[in-house]
Amino acid sequence: MDYQGPMLVVKDMERSKAFYRKILEVDIISDFGENVTFNGGLSLQTEESWIQFTGCSKESFNYQNNTVEFYFETKDFDGFIERIKNEDLDFLRDVATMPWGQKVACFYDPDKHVIQVGEDLTVMVKRLAADGMTVEELGEKTFLGKEMVENMLNS
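- For the chain, the name recorded in an unreviewed UniProt entry is VOC family protein, with Candidatus Enterococcus murrayae as its organism.

Next comes the structure, spelled out in structure tokens:
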């Protein structure tokens, strides 16, 4: 069996497609109207078709449950934040730097699915090294270990 990726139920397919393409810069690889798949394996499905396929009632949907996040990484985190600063996004918290050094932003998509965008880990390691951290310090702080940090620094 091969896992194909998550599928999110959405209220307005056109609005959701626009959000994912504009904010997260993912490309559509298939569009069947009621079902859309982006590069990376994320798919969207309309409420109506999901009800038809599963037999669930609309009342059983639980948007904004805050128990699952969809995680993306970017090599240019600061550029991403600059690009979205004037977008009407509903952030769960301010942009933050996690204890291991990674910059992250956490916000909702139009249907209140949690989206987190993090700084690419290799970019993070190189940034922290440029700030003067040793390989040993980086391995400990980031939980990646010395060998992985060395590989990242040499990539």
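## What to know about the packing of helix H4 (residues 121-130) against helix H6 (residues 146-153)
Consideration 1: At a closest axis distance of 9 Å, the pairing of H4 and H6 adopts a crossing angle of 90°. Taken together, H4 and H6 sit at an angle that is classed as roughly perpendicular. Taking contact as the criterion, the partners of Leu-121, Thr-122, Val-125, Lys-126 and Ala-129 in H4 are, on H6, Val-149, Met-152 and Leu-153.
Consideration 2: Across the contact of H4 with H6, the residue classes break down as 6 nonpolar, 1 polar and 1 charged.

## Structural notes on the UniProt feature "domain: VOC" (unreviewed entry) in the chain
Consideration 1: The positions UniProt marks with the feature "domain: VOC" (unreviewed entry) are residues 1-120.
Consideration 2: Structurally, residues 1-120 comprises 22% helix and 30% strand, and the distance from its first C-alpha atom to its last is 29 Å.

## Thoughts on the pairing of strand S4 (residues 43-46)
Consideration 1: Here S4 shows no split at all, with Ser-43 and Gln-45 on one side and Leu-44 and Thr-46 on the other all buried.
Consideration 2: For strand S1 (residues 7-10) and S4, the ladder comprises 4 bridges, and the chain directions are parallel. Bridging from a neighbouring strand, Val-10 pairs with Thr-46 of S4.

## Digging into the sheet that holds strand S2 (residues 28-31)
Consideration 1: In spatial order, the strands read S1-S4-S3-S2; together these 4 strands make up an open sheet with mixed pairing. Strand pairing shows two members of the sheet lacking a second neighbour, S1 and S2, which therefore form its edges. Pairwise comparison of adjacent strand axes, ignoring direction, gives a mean angle of 20° for this sheet.
Consideration 2: In the sheet, S2 pairs with strand S3 (residues 35-38) via 3 bridges, with the strands oriented antiparallel. Bridge assignment links Asp-31 to a residue of S3, and that residue is Val-36.

## Considering the sheet that holds strand S8 (residues 114-119)
Consideration 1: Across the sheet, 4 strands lie side by side as S5-S8-S7-S6; this open sheet has mixed pairing. Each edge of the open sheet carries a strand with a single partner, namely strand S5 (69-74) and strand S6 (96-97).
Consideration 2: Two strands pair when backbone bridges link them, and S6 and strand S7 (residues 103-108) are joined in this way by 2 bridges, in the antiparallel orientation. Along S7, the bridge assignment pairs Ala-96 with Val-104.
Consideration 3: The sheet strands contacting helix H1 (residues 13-23) are S5, S7 and S8, and the helix crosses S7 at an angle near 165°.
Consideration 4: Those strands touched by H4 are S5, S7 and S8, and its axis lies near 40° from that of S8.

## Overview of unusual backbone geometry
Consideration 1: With a phi close to 55°, Glu-25 is a non-glycine residue in the positive phi region.
Consideration 2: By the element assignment, Glu-25 lies in the loop between H1 and S2.

The rules behind the values
- Residues numbered from 1 in each chain as written.
- Predicted model: local features only at pLDDT ≥ 70, side-chain atom pairs only at ≥ 80, totals over all residues.
- Heavy atoms only, no water.
- Axes fitted to C-alpha atoms, helices over the stretch in contact; angles between N-to-C directions.
- Helix = DSSP H or I, 4+ residues; strand = E, 2+ residues; numbered from the N terminus.
- Parallel < 35°, antiparallel > 145°, perpendicular 65-115°, else oblique.
- Contact = heavy atoms within 4.5 Å.
- Nonpolar A, V, L, I, M, F, W, Y, C, P; charged D, E, K, R; others polar.
- UniProt positions renumbered as here; feature names shortened; annotations may be inferred.
- Buried < 20%, exposed > 50% of the residue type's maximum accessible area, 1.4 Å probe, protein only.
- Pairing = 2+ DSSP bridges.

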